[in-house]
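# Survey of secondary and tertiary structure
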Amino acid sequence: VMNILNKKNLPVPKVFFSNNKPYVKVKENYYVVSQFRYKKDLKEVSAKTIEDLATIVSEIHSIPLPEQQAKKNQYQKTKELIERVEAEKFRVYLQETLRNCKQVIKGPNIKSVIHGDLIPSNFSVHEDGSIYAMYDFDNVSIGHPMKDLAEMLIAFFVVDFYENTSKINSFSTDVEVRKAEELVGTYDMLVDHPVHKDTLKDYMVLNWINFVSLGLIRGDFEDLKIKRLMEIEEYIKNLDFDLWIHR
């Protein structure tokens, strides 16, 4: 995937080949060897950032599907993640919330290559906000393209990370609606498949569940309450996507 995007002159680190292969094996793990390109952390989402995000992700989603595809779906992955949450009250709440993601449970009616880890720390930018480089392709898989779009909306506008995004600071309902709308609308104009609002909303909830679960597993939160999680879940479900989608 990195090699395909790099050949399209997109801001993805160049992959180096060793023995005609784009990876090396160390013990039981495979690692892609690539040029690391660091410039400036993505902390403020500008209009140029949004345009570049939509362009890069739409290009990922246009990559032809491989013949062999992983069988474990996103619903199953999230279900297994929730099971690692020790606090029963949170685990039960998250399990029930996941069961309400009907579009995710049905499985993708549209499949594409997806990045799977579209969080701010996986991008660096120029001074004008344009994307300089995109990183961390180790979660690339086959899935519904709305998984990636939804993850960007949650990671950029709902989850407040610490500096390096290895921990979550808090969650917010203070979504910058205009920027989120611009991201969805720009992506919608670039892709062949439709942006289905109910599917996008379910995948937003799914990604939000993933972030909550990871935060609980890592012990990021000192005083997180179920009521607060329910407020954010309700906020996400009430977002008016009809205003965001151009077609």
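The coordinates are above.
Definitions and limits used
- Residues numbered from 1 in each chain as written.
- Predicted model: local features only at pLDDT ≥ 70, side-chain atom pairs only at ≥ 80, totals over all residues.
- Heavy atoms only, no water.
- Helix = DSSP H or I, 4+ residues; strand = E, 2+ residues; numbered from the N terminus.
- Rg over C-alpha atoms; globule rule 2.2 N^0.38 Å.
- Buried < 20%, exposed > 50% of the residue type's maximum accessible area, 1.4 Å probe, protein only.
- Contact = heavy atoms within 4.5 Å.
- Areas by Shrake-Rupley, 256 points an atom, 1.4 Å probe, with all protein chains shown as cover.
- Lys, Arg positive; Asp, Glu negative; His and termini not counted.
- Charge placed at Lys NZ, Arg CZ, Asp CG, Glu CD.
- Core = buried A, V, L, I, M, F, W, Y, C linked by side-chain atoms within 4.5 Å.
- Phe/Tyr/Trp six-rings, centres within 6.5 Å; stacked < 30°, edge-to-face > 60°.
- Lys NZ or Arg CZ within 6 Å of the ring centre and 35° of its normal.
- Pairing = 2+ DSSP bridges.
- 1 Å grid on protein atoms, 1.4 Å probe; cavity = no way out; pocket = protein on both sides within 12 Å on 5 of 7 lines; lining within 4 Å.
- Points joined across faces, edges and corners; volume = space filled by probe spheres on them.
- Nonpolar A, V, L, I, M, F, W, Y, C, P; charged D, E, K, R; others polar.
- Polar contact = N/O pair within 3.5 Å; in protein donor to acceptor, adjacent residues only side chain to side chain.

## Observations regarding the overall build of the chain
Check the secondary structure of the chain and you find 9 helices and 8 strands. Against the globule reference of 18 Å for 247 residues, the chain gives a C-alpha radius of gyration of 18 Å, in line with a compact fold. With respect to the three principal axes, the spread of C-alpha positions in the chain is 55 × 45 × 35 Å. Taken across its 247 residues, the chain has 47% of its residues classed as buried. When contacts within the chain are restricted to residue pairs at least 6 apart in sequence, those whose partners lie at least 24 apart make up 75%. Summed over all atoms, the accessible surface of the chain reaches about 13,400 Å², with 47% contributed by carbon and sulfur. Side-chain charges of the chain comprise 34 positive and 37 negative groups, with the mean position of each set lying 5 Å from the other.

## Side note on the nonpolar core
Grouped together as the largest cluster of nonpolar side chains are 68 residues, with contacts concentrated most on Phe171, Leu200 and Trp208. Once residues within four sequence positions are removed from consideration, Leu200 is found in contact with Met146, Leu149, Ala150, Leu153, Val184, Val195 and Phe241.

## A word on unusual backbone geometry
Of note in this structure, Asn9 is not a glycine but carries a positive phi near 65°. Relative to the assigned elements, Asn9 resides in the loop between α1 (2-7) and β1 (23-26). By relative accessible area, Asn9 is classed as exposed at 72%.

## A word on the packing of aromatic side chains
Within the structure shown, the criterion is met by 6 aromatic pairs. Ring centres of Phe161 and Phe211 lie 5.7 Å apart, and the angle between their planes is 75°; this geometry places the pair in the edge-to-face category. Of this pair, Phe161 sits in strand β7 (residues 159-161) while Phe211 sits in helix α8 (residues 197-218), and the two are 50 residues apart along the sequence. Ring pairs connect the aromatic residues Phe123, Phe156 and Phe157, which therefore count as one cluster. Above the plane of the ring of Tyr132 lies Arg37, whose end atom (NZ or CZ) is 4.6 Å from the centre. Across from the ring centre of Tyr132, 5.3 Å away, lies the NZ or CZ of Lys39, which sits over that ring.

## Some thoughts on the pairing of strand β2 (residues 29-32)
Here 4 bridges tie β1 to β2, and the two strands are oriented antiparallel to one another. Bridge pairing in β2 places Tyr23 opposite Val32.

## Observations concerning the layout of surface pockets
It is a probe the size of a water molecule, rolled over the atoms, that shows where empty space is left. Empty space within the second largest pocket amounts to approximately 440 Å³. Along the wall of the second largest pocket there are 20 residues; nearest its centre are Gly116, Lys147, Glu151, Asn210 and Leu214. Secondary-structure elements contributing two or more residues to the lining of the second largest pocket are α3 (74-82), α6 (145-157) and α8. The element best represented in the lining of the second largest pocket is α8, accounting for 5 residues. Looking at the lining of the second largest pocket, its residues break down into 6 nonpolar, 8 polar and 6 charged.

## Re the environment of Asp202
With respect to the element layout, Asp202 can be found in helix α8. Taking the C-alpha atoms as reference, Asp202 lies 31 Å from Lys8; in sequence the two are 194 residues apart. Once residues lying within four places of it in the same chain are set aside, the contact partners of Asp202 are Asn100, Cys101, Lys102, Gln103 and Val104. A distance of 3.0 Å separates the side chain of Asp202 from the backbone nitrogen of Lys102, its partner in a polar contact.

Just geometry here; none of it tells us what the structure is for.
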